[in-house]
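What follows is the residue order along each chain.
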Amino acid sequence: MNPYVLAILLSSLGLGTTLTFIGSHWLMAWMGLEINTLAITPLMAQHHHPRAVEATTKYFLTQATAAAMILFASTTNAWTMGQWAIDDLSDPLASTMFMAALALKIGLAPVHFWMPEVMQGLDLLTGLILSTWQKLAPFALILQTAHTIDPLLLTTLGVMSTLVGGWGGLNQTQLRKILAYSSIAHMGWMVIVIQYAPHLTLLALGTYVIMTSAAFLTLKMLLATKVNTLATAWSKSPVLVSAAALVMLSLAGLPPLTGFLPKWMILQELSKQDLPIVATTMALTALISLYFYLRLCYAMTLTISPSTITSTTPWRTRTAQTSLLLAMFTIATLGLLPMAPAILMLIG
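Note that the structure is a prediction, hence the values are computed from the model and not measured. Every chain begins its residue count from 1, and numbering advances along the sequence as written. In keeping with the model being predicted, local features are shown solely for residues with a pLDDT of at least 70 and side-chain atom pairs are shown and tallied solely at 80 or more, while totals for entire chains, interfaces and linings include all residues. Values reported for side chains reflect all heavy atoms of the structure, with hydrogen atoms and water molecules removed beforehand.

Undergrad: Any chance you could explain a nonpolar patch on the surface here in plain terms?
TA: Surface patches are drawn from residues lacking salt bridges whose relative accessible area is over 30%; two like charges belong together within 9 Å, two nonpolar side chains (Val, Leu, Ile, Met, Phe, Trp, Tyr) within 5 Å. All accessible areas in this document rest on Shrake-Rupley with a 1.4 Å probe, and a residue is counted as covered only by the protein chains that are shown. Criterion for a salt bridge: a side-chain nitrogen of Lys or Arg within 4 Å of a carboxyl oxygen of Asp or Glu. Where nonpolar side chains cluster on the molecular surface, the patch consists of Leu38, Phe60 and Leu61 and spans about 290 Å² of accessible area. Examined against the element boundaries, Leu38 turns out to sit in helix α2 (residues 26-44). The numbering of helices and of strands both runs from the N terminus, where a helix is a DSSP run of H or I of at least 4 residues and a strand a run of E of at least 2.

The following block contains the structure:
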């Protein structure tokens, strides 16, 4: 893609998210979301592959539907309450419709079906933008309006998302689909605690962005899109494969890695709120997710010789890709847990 066009599209992505962050008027927030959608669409379709075009079409239709629902909900609220302020979403119908629209935007269950299919049609870098940056603006709106949304709705969306995210990733062989289901599960963890402790949602979102960036950049460095490819990646870059296995375990939420911190804090908060059944359910769904992350670790580290594998072993060639960002995200993914008290003091 032409670098000038790429610069315009990426700056438009930044502009759209910033508009949604700073806006206190519904139309401003809606406009930011629309700019975001329109900016990422050419990035998704840049390879002109039928799968990429199909994924772009699905994404555009889904996001357009969600944007129309947000506009309708905000208009209904303004008609009932007489004002357009984001933090005053008092009409129950409007708040429910608004949450449904944002759930569709970020891919929460049960409106998650577009997410794995769209992710599968994209290259790894565009998939990274879709999994991380595109979640920020809708989450800013959910954070501002969480106090007006029915707590039962948020709890249901959270539990369903973690369950679907774990269950859906079990039998996948495509890494992008696995990361899409991982994204759905992480969104569930963020949504379930937003009504009780919004700062923990911010913590979970921050760690999710760091861990997912490390995972996508690692896969891009290994040129891997299937589990089968991971099985032979050790011969190309043993150190990177070892780090990748730890990144996957961090995404699963195992201590002493960074991914354990938000899950630990969220379960603690749910227990404080006298929700032991919800907390237990969330912990059990995390175990389902852990299974498919362990599958990836097994494929990467335990299928080496003398085990038989069907893929051809790749040459150990030097890559021209820059690894500074990958190194920074990997270190953050593996080592932030000891800094938990400082992080909680900063966001609390």
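Undergrad: Honestly, the packing of helix α9 (residues 175-193) against helix α10 (residues 198-222) in this entry has me stumped. Any pointers?
TA: A pair of packed helices is characterised by two quantities: the angle between their axes and the separation of those axes. Across the interface, α9 lies against α10 with an axial gap of 8 Å and an inter-helix angle of 170°. If you check the angle between α9 and α10, you find them roughly antiparallel. Listed contacts from α10 to Leu175, Leu179, Ser183, His186, Met187, Met190 and Val193 of α9 are Pro198, Leu200, Thr201, Ala204, Leu205, Tyr208, Met211, Ala215, Phe216 and Leu219. Between the N-to-C directions of two axes lies an angle of 0 to 180 degrees, each axis being a line fitted to C-alpha atoms and, for a helix, fitted only over the stretch in contact. Roughly parallel here means an angle under 35 degrees, roughly antiparallel means over 145, roughly perpendicular means 65 to 115, and every remaining angle is called oblique. By definition, residues are in contact when any of their heavy atoms lie within 4.5 Å.

Undergrad: Would you explain the UniProt feature "transmembrane region" (unreviewed entry) in the protein chain in this entry?
TA: UniProt positions are given in the numbering used here, feature names are shortened, and annotations may be inferred rather than shown by experiment. As recorded in UniProt, the sites labelled "transmembrane region" (unreviewed entry) are residues 66-86, 92-113, 152-171, 178-197, 203-225, 237-255, 275-294 and 324-347. In the segment residues 237-255, helix accounts for 79% and strand for 0%; the C-alpha atoms at its two ends are 25 Å apart.

Undergrad: Just checking my understanding: could you explain the side chain of Ser182 for this structure?
TA: Tracing the chain through its elements places Ser182 in helix α9. Under the scheme applied here, a residue whose accessible area is under 20% of the maximum for its type counts as buried, over 50% as exposed, and between as partly exposed, the area being computed with a 1.4 Å probe on protein chains only. A relative accessible area of 2% means that Ser182 is categorised as buried. Beyond its immediate chain neighbours, meaning those up to four positions away, Ser182 contacts Leu251, Phe292 and Tyr293.

Undergrad: Sorry if this is basic, but what is going on with the UniProt feature "domain: NADH:quinone oxidoreductase/Mrp antiporter transmembrane" (unreviewed entry) in the protein chain here?
TA: This chain's UniProt record puts "domain: NADH:quinone oxidoreductase/Mrp antiporter transmembrane" (unreviewed entry) on residues 25-288. What you have in residues 25-288 is 77% helix and 0% strand, and the ends, taken at the C-alpha atoms, are 41 Å apart.

Undergrad: Help me out: how do you make sense of the pattern of salt bridges in this one?
TA: A side chain of one charge can pair with a side chain of the opposite charge if their charged atoms are brought near each other. A full pass over the atoms with the stated rule returns 2 salt bridges. Close ionic contact of Glu54 with Lys58 constitutes a salt bridge, the shortest N to O distance being 2.7 Å. One end of the pair is Glu54 and the other is Lys58, both in helix α3 (residues 50-81) and 4 residues apart, which spans about a single turn. Relative accessible area serves as the criterion here: at 30%, Lys58 is assigned to the partly exposed category.

Undergrad: Quick question: what am I supposed to make of the packing of helix α12 (residues 238-252) against helix α15 (residues 324-335) here?
TA: Direction vectors running N to C along α12 and α15 enclose 45°, while the axes themselves pass 9 Å from each other. By the angle between their axes, α12 is oblique relative to α15. The crossing of α12 and α15 is left-handed. Of the residues in α15, those in contact with Leu240, Ala243, Leu246, Val247 and Ser250 of α12 are Leu326, Thr330, Thr333 and Leu334. Polar here means any residue outside two lists: the nonpolar Ala, Val, Leu, Ile, Met, Phe, Trp, Tyr, Cys and Pro, and the charged Asp, Glu, Lys and Arg; Gly therefore counts as polar. Across the contact of α12 with α15, the residue classes break down as 6 nonpolar, 3 polar and no charged. Note on convention: near helix rotated counterclockwise from far helix by under a right angle means a left-handed crossing. Clockwise means right-handed.

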